[in-house]
Amino acid sequence: MNANGLPQQLAEAEATVRTLQQELAETNRGLVALIMELESRVEERTADLHATQEELQRTNSELLQMTLELEDRVDQRTAELREANAHLQHELAERQRAEEALRRKDEELRTISQQLWQAAKLAPMGELAASIAHELNNPLATVSLRVESLLAQILEDDPKRRALTVIEQEVERMGNLVANLLQFGRRGQAQISSVDVREELENTLALIYYHLRNHRITMVQQFAPDVPMVQADCQQLRQVFLNLLTNASDAMTQGGTLTLGVTPGQLEPGVPAVIVTFTDTGIGIAPEDMPKVMEPFFTTKEEGKGTGLGLAICRRIVQEHHGTIEISSTVGQGTTICLTLPCTNDSNGTYLRERRL
Ligand SMILES: Nc1ncnc2c1ncn2[C@@H]1O[C@H](COP(=O)(O)OP(=O)(O)O)[C@@H](O)[C@H]1O
Ligand SMILES: [Mg+2]
């Protein structure tokens, strides 16, 4: 190693250091530049991320909005559907009601046409019966008078007396039949007035009191204390009561109990009525006879006992009073006839006349 070798070496070393420093500085700059670039890239990415996040938030809020709108619409549709459903239910109920009303009308119509048919069938029969009865009335009265005077002329022990008595009884029976036929065929203006049904029933009972007593029939009267008046023809009512009392008595040949009931009631909603019932403990009516008992000339009584006109007359009179007559019966136990007679406060019977068919 020489003397100036060291400084040279130093100088070289210095030069190397400088070079190294320069390189370092350059590297440093390069690094700084790199860092700065990196930073700017990071910033860019961060900005991108922000933008994406904002976008996401927007989309999210839009979605939320849409969801809310959808929910609203679903709610609205549900409400609409519910309303439509209620409407349908209502229409359905309405339709059911209409169908029910139609069915009732149909039934009513059927009843009315049946009644019309019945009336049409009865009218000529009634006229025929009335004209025959009319023709029979005078000769019967003559025969009756003659028999009566013959009976008055002969002695008590005359053998002809028995025959004459039989004739007298038979003539009387024919007279009753004729009277019934005349009543059956009777058409004409009814004498309508305010009638207390209880009073009329008592009056009729008085007529056949002895007959009932002789047949060992116990009478039970169940009359309500407050019964409205009915607008009726009292003669005709009496005829109805008499026919029903006679039938009850005929049904209790061995005696029994006849219960008469009079109570206030209704013919139909809003139409007050008086309900009259005749309950006997007689033989009853066979179910197969039930539809026929009110037909004219239907009778189950032995020859000469029944005319089969009693109930037909009752039905006609009750119908003319716009009432109803119903029969219920059990063979061997007894029969109940139930009359329902409408009534109003109107004392001159306008109601009845207006309701007249
Ligand atoms: N209360 C009753 N109990 C049993 N049967 C009855 C009663 N009322 C009516 N009937 C039956 O109805 C039939 C017809 O009665 P009705 O028209 O009064 O005619 P009649 O009394 O002349 O037979 C009677 O023959 C009888 O069979
Ligand atoms: Mg009778």
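That block above? That's the structure.
Conventions and cut-offs
- Chains are numbered independently. Their residues run from 1 in the order of the written sequence.
- Chains and ligands are labelled sequentially in the order written, the chains with letters from A and the ligands with numbers from 1.
- Predicted model: local features are reported for residues with pLDDT of at least 70 only, side-chain atom pairs are reported and counted for 80 or more only, and whole-chain, interface and lining totals are derived from all residues.
- The numbering of helices and of strands both runs from the N terminus, where a helix is a DSSP run of H or I of at least 4 residues and a strand a run of E of at least 2.
- The exposure scheme places C-beta atoms from the backbone and then counts, for each residue, the other C-beta atoms within 10 Å of its own, assigning buried at 20 or more, exposed at 12 or fewer, and partly exposed in between.
- For every residue pair, C-beta atoms are placed from the backbone, and the pair is scored as a contact if these atoms sit within 7 Å.
- Pairs of strands are assigned from DSSP output, requiring at least two bridges between the strands.
- Each axis is a line fitted through C-alpha atoms, taken for helices only over the stretch in contact, and angles between the N-to-C directions span 0 to 180 degrees.
- We count a residue as near a molecule or strand when its backbone-placed C-beta atom lies within 6 Å of that partner.
- Should the near helix be turned anticlockwise from the far one by less than a right angle, the crossing is left-handed, and should it be turned clockwise, the crossing is right-handed.
- Ten residue types, Ala, Val, Leu, Ile, Met, Phe, Trp, Tyr, Cys and Pro, are classed as nonpolar, four, Asp, Glu, Lys and Arg, as charged, and the remainder, Gly among them, as polar.
- In this usage, the nonpolar core is the set of buried Ala, Val, Leu, Ile, Met, Phe, Trp, Tyr and Cys residues whose C-beta atoms join them within 7 Å.
- In this scheme, a helix's expected span is set at 1.5 Å multiplied by one less than its residue total.

1. Quick notes on the overall build of the protein
Line of reasoning, step 1. Looking only at helices and strands, one finds six helices and seven strands in the protein.
Line of reasoning, step 2. If you list the helices and strands of the protein from N to C, you get α-α-β-α-β-β-α-β-β-α-β-β-α.
Line of reasoning, step 3. Counting every position in the protein, which comprises 357 residues, the buried fraction comes to 19%.
Line of reasoning, step 4. The long-range fraction of contacts in the protein, counting pairs at least 24 apart against all pairs at least 6 apart in sequence, stands at 76%.

2. Details of the sheet that holds strand E7 (residues 334–342)
Line of reasoning, step 1. Taken in spatial order, the five strands line up as E2-E4-E5-E7-E6 in an open sheet, and their pairing is mixed. The sheet is open, and its two borders are formed by strand E2 (217–223) and strand E6 (324–330), each paired with just one other strand. Averaged over all adjacent pairs, the angle separating strand axes in this sheet is 20°, with direction ignored.
Line of reasoning, step 2. With seven bridges connecting them, E2 and strand E4 (residues 256–268) associate as parallel partners. When the sheet's bridge partners are listed, Met 219 is paired in E4 with Leu 258.
Line of reasoning, step 3. Along the sheet face, helix H3 (residues 197–214) touches E2, E4, strand E5 (271–280) and E7 and points at about 165° away from the line of E4.
Line of reasoning, step 4. Of the strands in this sheet, E2, E4, E5 and E7 are in contact with helix H4 (residues 234–251), which crosses E5 at around 25°.

3. As for the site of ligand 1
Line of reasoning, step 1. With respect to spatial proximity, 23 residues lie near ligand 1, and among them Asn 247, Ala 251, Thr 299, Gly 306 and Gly 310 are the closest.
Line of reasoning, step 2. Put simply, the parts of the chain that give the shell around ligand 1 at least two residues each are H4 and helix H5 (310–320).
Line of reasoning, step 3. Broken down by element, the residue count for the shell around ligand 1 peaks at four residues, all from H4.

4. Remarks on the packing of H4 against H5
Line of reasoning, step 1. With their axes 9 Å apart at the nearest point, H4 and H5 run at an angle of 145° to one another. The interaxial crossing formed by H4 with H5 has left-handed handedness. Between H4, through Gln 236, Gln 239, Val 240, Asn 243, Leu 244, Thr 246 and Asn 247, and H5, the contact on the second element is made entirely by Gly 310, Leu 311, Ile 313, Cys 314, Ile 317 and Val 318.
Line of reasoning, step 2. Its residues assigned to classes, the contact of H4 with H5 shows seven nonpolar, six polar and no charged.

5. Re the nonpolar core
Line of reasoning, step 1. By size, the foremost hydrophobic cluster in this structure holds 40 residues, and its most contacted members are Val 197, Leu 244, Val 274, Cys 314 and Leu 341.
Line of reasoning, step 2. No other element matches H4, which puts seven residues into this core.
Line of reasoning, step 3. When near neighbours in sequence (up to four residues on either side) are disregarded, Val 274 contacts Val 197, Val 227, Pro 228, Val 230, Val 262, Pro 264, Leu 341 and Cys 343.

6. With respect to the packing of H3 against H4
Line of reasoning, step 1. Packing of H3 against H4 brings their axes to within 9 Å, and their N-to-C directions diverge by 35°. Helix-helix and strand crossings are classified by hand; for H3 and H4 the assignment is right-handed. On H4, the residues touching Glu 200, Leu 201, Asn 203, Thr 204, Leu 207, Ile 208, His 211 and Leu 212 of H3 are Cys 234, Leu 237, Arg 238, Phe 241, Leu 242, Leu 245 and Ser 249.
Line of reasoning, step 2. Taken together, the residues that form the contact of H3 with H4 break down as nine nonpolar, four polar and two charged.

7. Topic: H3
Line of reasoning, step 1. An ideal rise of 1.5 Å per residue puts 26 Å on 18 residues; H3 measures up with 25 Å between its terminal C-alpha atoms.
Line of reasoning, step 2. Of the surrounding elements, those touching the buried residues of H3 are strand E1 (192–195), strand E3 (230–233), H4, E4, E5 and E7.
Line of reasoning, step 3. Just downstream of H3 lies Arg 216, where phi reads positive at about 55°.

8. Overview of H5
Two residues of an α-helix separated by three or four positions point the same way, owing to the 3.6 residues in each turn.
Line of reasoning, step 1. Buried residues dominate H5, accounting for eight of its eleven residues.
Line of reasoning, step 2. Residues Gly 310, Leu 311, Ala 312, Ile 313, Cys 314, Arg 316, Ile 317 and Val 318 constitute the buried set of H5.
Line of reasoning, step 3. Directly beyond the C-terminal end of H5, a positive phi value near 60° is found at His 322.

9. Points about unusual backbone geometry
Line of reasoning, step 1. Phi is positive for Phe 297, close to 70°, though the residue is something other than glycine.
Line of reasoning, step 2. You will see that His 322, though not glycine, has its phi angle at about 60°, which is positive.
Line of reasoning, step 3. Counting through the fold element by element, His 322 comes out in the loop between H5 and E6.

10. Topic: the environment of Val 171
Line of reasoning, step 1. Among the secondary structure elements, Val 171 is positioned in helix H2 (residues 160–185).
Line of reasoning, step 2. Overall, the presence of 20 C-beta atoms within 10 Å leaves Val 171 in the buried class.
Line of reasoning, step 3. Val 171 sits 31 residues away from Leu 140 along the chain, and the two C-alpha atoms are 6.7 Å apart.

Shape is all these values report; function is a separate question.
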